[in-house]
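Each chain is listed here by its residues.
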Amino acid sequence: QVQLVESGGGLVQPGGSLRLSCAASGSFFRINAMAWYRQAPGEQRELVAGSTSYADSVKGRFLISRDNAKNTVFLEMNSLKPEDTAVYYCNAEAQLYPGGRQFNYWGQGTQVTVSS
């Protein structure tokens, strides 16, 4: 199984920056894709940043990066806006053993609030 633990959320003023981290741990063969999603109150969960794509609303402001050796993914968020307020979730696709199928996992989420 895979456990994903996010950190780095919090309260920030408009125009500020935050860096989210998500570390994968547990018993698995390999973590393949990792991505960030978010869900605002009353809204559906949406993809923020994947390995090769970004939501239009965050392009040029957010940057996803990954430390493969540590099975950790980061989300650098700059020029934050009130509409970025949401719970941010880490997502990972992992193989539990060589040649096995991929399974999808979610972190518990970290709150990001952008407000003055």
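For the structure, see preceding data.
Residues numbered from 1 in each chain as written. Predicted model: local features only at pLDDT ≥ 70, side-chain atom pairs only at ≥ 80, totals over all residues. Heavy atoms only, no water.

Attention now moves to the nonpolar core. Counting 29 residues, the largest nonpolar core has Leu4, Met34, Trp36, Leu75, Met77 and Tyr88 as the members making the most contacts within it. Looking at this core, the elements that each hand over two or more residues are strand S1 (2–7), strand S3 (18–26), strand S4 (30–39), strand S5 (46–49), strand S6 (62–67), strand S7 (72–77), strand S8 (86–95) and strand S10 (110–114). Sorting elements by how many residues they give to this core places S8 first, with 5 residues. (Core = buried A, V, L, I, M, F, W, Y, C linked by side-chain atoms within 4.5 Å. Buried < 20%, exposed > 50% of the residue type's maximum accessible area, 1.4 Å probe, protein only. Helix = DSSP H or I, 4+ residues; strand = E, 2+ residues; numbered from the N terminus.)

A few words now on unusual backbone geometry. Of note, asparagine 71 is a non-glycine position whose phi angle comes to about 50°, a positive value. By the secondary structure assignment, asparagine 71 is in the loop between S6 and S7. On the basis of relative accessible area, asparagine 71 is assigned to the buried category, the value being 18%. At serine 79, a position not held by glycine, the phi torsion is positive, near 50°. When you line up the elements, serine 79 lands in the loop between S7 and S8.

On to the packing of aromatic side chains. One pass over the full model with this rule turns up 2 aromatic pairs. Taking the centre distance of 4.9 Å and the plane angle of 70° together, the rings of tyrosine 37 and tryptophan 106 count as edge-to-face. Placement of tyrosine 37 in strand S4 and of tryptophan 106 in strand S9 (residues 102–106) is noted, with a sequence separation of 69 residues between them. Overall, the relative accessible area of 39% leaves tryptophan 106 in the partly exposed class. Here the aromatic rings of tyrosine 89 and tryptophan 106 are separated by 6.5 Å at their centres, their planes lie at 85°, and the arrangement is edge-to-face. On the criterion of sequence distance, the pair formed by tyrosine 89 in strand S8 and tryptophan 106 in strand S9 is long-range, its members being 17 residues apart. For tyrosine 89, a relative accessible area of 14% translates into the label buried. Taken together, the aromatic side chains of Tyr37, Tyr89 and Trp106 make up a single cluster linked through ring pairs. Over the ring of phenylalanine 74 we find arginine 19; its NZ or CZ atom is 4.1 Å from the centre of that ring. Positioned above the aromatic ring of tryptophan 106, the side-chain terminus of arginine 45 is 4.6 Å from the ring centre. (Phe/Tyr/Trp six-rings, centres within 6.5 Å; stacked < 30°, edge-to-face > 60°. Lys NZ or Arg CZ within 6 Å of the ring centre and 35° of its normal.)

Another point: the sheet that holds S6. Strand order in the open sheet formed by 4 strands is S1-S3-S7-S6, and the pairing between neighbours is antiparallel. This sheet does not close on itself; its edge strands, each paired only once, are S1 and S6. If you compare each strand with its neighbour and ignore which way they point, the axes differ by 15° on average. When S1 meets S3, the two strands line up antiparallel, connected through 6 bridges. If you follow leucine 4 over to S3, its bridge partner there is alanine 24. (Pairing = 2+ DSSP bridges. Axes fitted to C-alpha atoms, helices over the stretch in contact; angles between N-to-C directions.)

When you tally the buried positions in S7, you get 5 out of 6 residues, the bulk of the element. One ladder, built from 6 bridges, connects S3 with S7; its direction is antiparallel. Opposite arginine 19, over in S7, you have glutamate 76 as the bridge partner. Where S6 and S7 come together, 6 bridges link them in antiparallel fashion. When the sheet's bridge partners are listed, phenylalanine 62 is paired in S7 with methionine 77. Count of turn residues in the S6/S7 antiparallel hairpin: 4 residues, of which asparagine 71 carries a positive phi of about 50°.

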